[in-house]
Amino acid sequence: MSESQSFIQKLKGRAADLAAGAIFQVATSSWNLAIPVVLFLIVGRCAFQTPETFSGPVTVDFALPSEKAVPKYEPAGKIDQNDIRWRFRYAETGTEFRAGVPYWIFRIMPRLMPEQFGGRGYDWFGFDDEDGEFYESTPVPRGLALSDSTLRIPFLNVRFNLKRVSVNCAGCHRGQLIDESGKRRLIDGMPNHTANLQAFKRFYASAFQDPRFEGGNVVAAINQALAEDEKPALTKKEQLIYRALVEVLRGYTRERGSAWMDSRPDNGPGRIDPFNAVKFEVLKVPDDGTAPTLDFPAVWNQRSEMRLWHHYDGNTRDSSARNFGSAIGVGGIAWSVYKHSVSKIGDWLDILPPPKYPFAAPDPAQVAQGLELFKTRCAACHGLYDREKNRIDTTSSPNYMQINTEIGTDPERWKAFPTAAAGALNRFGFEHGLWPRDAFRGSTNGYLCGPLDGIWARAPYLHNGSVPNLNELLKPPEQRPKRFYRGNPSYDALNMGWVHTDSARKDNGLPLFEYDTSLVGNSNQGHPIAIEDDAERAAVLAYLKTL
Ligand code: HEC
Ligand code: HEC
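Summary of the structure given here. (Residues numbered from 1 in each chain as written. Chains lettered and ligands numbered in written order. Predicted model: local features only at pLDDT ≥ 70, side-chain atom pairs only at ≥ 80, totals over all residues. Heavy atoms only, no water.)

1. Structural notes on the pattern of salt bridges
Keep this limit in mind: When a carboxyl oxygen of Asp or Glu lies within 4 Å of a side-chain nitrogen of Lys or Arg, that pair is called a salt bridge. Per the convention used, a helix needs a DSSP run of H or I reaching at least four residues, while a strand needs a run of E reaching at least two, with both numbered from the N terminus. Exposure is judged per residue with a 1.4 Å probe applied to protein chains only, and the accessible area is read against the type maximum: over 50% gives exposed, under 20% gives buried, and values in between give partly exposed.
With the rule as written, the count across this model stands at 35 salt bridges. For arginine 202, the salt bridge is made with aspartate 266, and the minimal N-O distance between the two is 3.0 Å. Linking arginine 202 in helix H8 (residues 197–207) with aspartate 266 in the loop between helix H10 (236–252) and strand E10 (271–272), this pair joins segments that are 64 residues apart in sequence. Residue class for aspartate 266 comes out partly exposed when judged on its relative accessible area of 42%. Among the charged side chains, a network of salt bridges with common partners joins Asp83, Arg85, Arg89, Glu130, Asp131, Glu133, Arg174 and Asp188.

Written out as structure tokens, the structure reads:
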């Protein structure tokens, strides 16, 4: 084989996957440079539009009729795309490039493999409907973005007109609750505690290997979906393209980058292990056996006056590391991360206030008693948060934003980010122009003492989400429940957390995930700051409702 032939062979083999975009895979190699060439080879027909300006976008348009048939977002009113809430909920973050699923493949999966969805749609994984504030209907469920793929090379944007579905920040950081009147509410910045990101990721990793994922089936299912939407069937050329895409996806996922997850306990909804995903899948660090599964945190009030350090182990205070690192963790590559947009979202998260407690207001006398208890028992570490002023008073809080190495909660998370991992991540970010070379520190050997703003909405509690509600957290560790159910959006105002005793959701009948505290990474021990007197504990809970 001549050198140029083998080059093209390599391009095809190594980078064809990029055209197809298997979910949550991350590339960092220089092969990404070859993407425009490869897409050209695979899809065959391209129309380059001359860029208007030097820095304007170059569009690679495959001119596929089925792309025009992708259902539209139906606005509920006038949409202002400068509204940052719109950006947070709907804009892509750059994860689609390597981790986006082509729309029509995404669409047909529940039809092709119904048992993997419990006979339902993506709500099986917790990706359910939008709330109708911006749109009457959306082509993809909430937390997922639908976008063309764009490479943001300096001075040049290359956009590929192929709609793909990928997770954006709202996928993990916009949560839902059912209030006392039974009304469902979605709250920006709150953990998306009902969505099972790991199950979603796993589904795509195995679905492409399923014998039913085969050219003829895929084309037939897409045609069926198109017919439902009263759109023309795939053209001959499109059928060839989809058949090729299927082959590429099958080859691509034969070796699963995410196989490391199989030796760890299941995450369940509202949890993920983002740092090991980056370590093992992006940085290619050898598996160190750690199992630091994390509860999605709330992401409001991120500014440095409130949160000088970020992440549960306080491993960075750099906002670009915090913001771009998230996009890399879920499938962005250095050139695809939509830095401009993600930075804007990050700036907004700096000032986003926590949501107010929406249920019956607590009794003022109890709140006053709770505040006094809080001052003596808790404020040294957590500070005094004033919701009215959206400010934190840390004058009597020597431990605020310090790392506590004796708190005794599950150690997997701090163990999983030693100095060597910080070094590798710093090098990666610096070389790719994402964050400074000293952005991360490792081996903090403990967990941050942070603010309790909006704490009512952050259940389950502790970094691994091992304690279902605040009432249990404030009991001695050995009294906390050893097993409970996660993923229920119904709130338990008495105990302050999601209803955790039922095995199925009342609102939609979906089975819930049973959390077992005896598994590695799932310990519910530590934070032994109990308030044993029931009345006193109730008073502290009443006070916590005001934060
Ligand atoms: C797949 C789920 C997921 C997605 C998608 C995601 N995050 Fe996160 N995010 C997490 C988890 C888990 C953590 C906790 C990491 C830790 O503390 O070690 C986190 C932490 C954060 C933090 C730090 C919070 C704190 O108090 O320290 C910020 C800020 C943040 N994410 C912003 C974003 C932004 C902006 C995006 C979109 C670009 C995003 N995240 C996308 C799961 C996600
Ligand atoms: C010695 C310092 C210290 C004291 C005192 C302390 N905490 Fe904590 N607290 C921590 C640390 C450190 C964590 C993080 C542990 C983890 O996530 O594993 C934490 C976590 C929490 C969380 C979980 C936050 C979340 O988002 O999941 C809550 C709630 C909390 N503390 C409430 C309290 C209350 C209420 C008191 C007083 C009764 C209190 N703490 C006293 C250090 C302290």
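2. Details of the coordination of the iron atom of ligand 2
This is how the line gets drawn: Only N, O and S atoms count as donors, using a 2.8 Å cut-off from the metal and 3.2 Å for Na, K and Ca, and because water is excluded some sites may appear unfinished. Geometry is assigned from donor-metal-donor angles: four donors are tetrahedral when every angle falls between 85 and 135 degrees, four are square planar and six octahedral when opposite donors sit over 155 degrees apart with all other angles between 65 and 115, and any other arrangement is irregular.
Each protein donor to the iron atom of ligand 2 is listed here as His382 (NE2) and His527 (NE2); together their distances run 2.0 Å. For the iron atom of ligand 2, the 6 donor atoms in the first shell make angles of 87 to 180 degrees at the metal, so the coordination geometry reads as octahedral. Here histidine 382 is found in helix H15 (residues 379–382), whereas its partner histidine 527 is found in the loop between strand E19 (513–516) and helix H19 (534–544), with 145 residues between them in sequence. Taken as a pair, histidine 382 and histidine 527 share a single burial class, namely buried.

3. As for the site of ligand 1
Operational definition: For this purpose, a residue is taken to be near a molecule or strand whenever a single non-hydrogen atom of the residue falls within 4 Å of it. Contacts described as polar in this section are N or O atom pairs within 3.5 Å, which, within protein, must combine one atom able to donate a hydrogen with one able to accept it, while residues neighboring in sequence count only if both atoms come from side chains.
Surrounding ligand 1, one finds 22 residues, the nearest of these being Cys169, Cys172, His173, His311 and Tyr312. Within the backbone of histidine 311, a nitrogen or oxygen atom sits 2.6 Å from an oxygen atom of ligand 1. Tyrosine 312 is positioned with one of its backbone polar atoms (N or O) 2.8 Å from an oxygen atom of ligand 1. Contributing elements (two or more residues each) for the shell around ligand 1: helix H7 (169–173), helix H11 (274–282) and helix H12 (319–329). Among the elements that make up the shell around ligand 1, the one with the highest residue count is H7 (3 residues).

4. A short note on the coordination of the iron atom of ligand 1
Among protein atoms, the single one acting as a donor to the iron atom of ligand 1 is His173 (NE2), 2.1 Å away. Turning to its location among the elements, histidine 173 is positioned in helix H7.

5. Considering the packing of helix H6 (residues 103–112) against helix H9 (residues 215–228)
What counts, and what does not: The axes are straight lines fitted to the C-alpha atoms, using for helices just the contacting stretch, and the angles between their N-to-C directions are given from 0 to 180°. With respect to orientation, any angle under 35 degrees is reported as roughly parallel, any angle over 145 as roughly antiparallel, any angle of 65 to 115 as roughly perpendicular, and every other angle as oblique. Residues are treated as being in contact if the distance between any of their heavy atoms lies within 4.5 Å. Under the scheme applied, nonpolar residues are Ala, Val, Leu, Ile, Met, Phe, Trp, Tyr, Cys and Pro; charged residues are Asp, Glu, Lys and Arg; polar residues are all the others, including Gly.
At a closest axis distance of 9 Å, the pairing of H6 and H9 adopts a crossing angle of 100 degrees. Considering their axes alone, H6 and H9 lie roughly perpendicular with respect to each other. Across from Trp104, Arg107, Ile108, Arg111 and Leu112 in H6, the residues of H9 making contact are Asn217, Val218, Ala221, Ile222, Gln224, Ala225, Leu226 and Glu228. In the contact of H6 with H9, the residues fall into 8 nonpolar, 2 polar and 3 charged.

These figures come from the coordinates and say nothing about function on their own.
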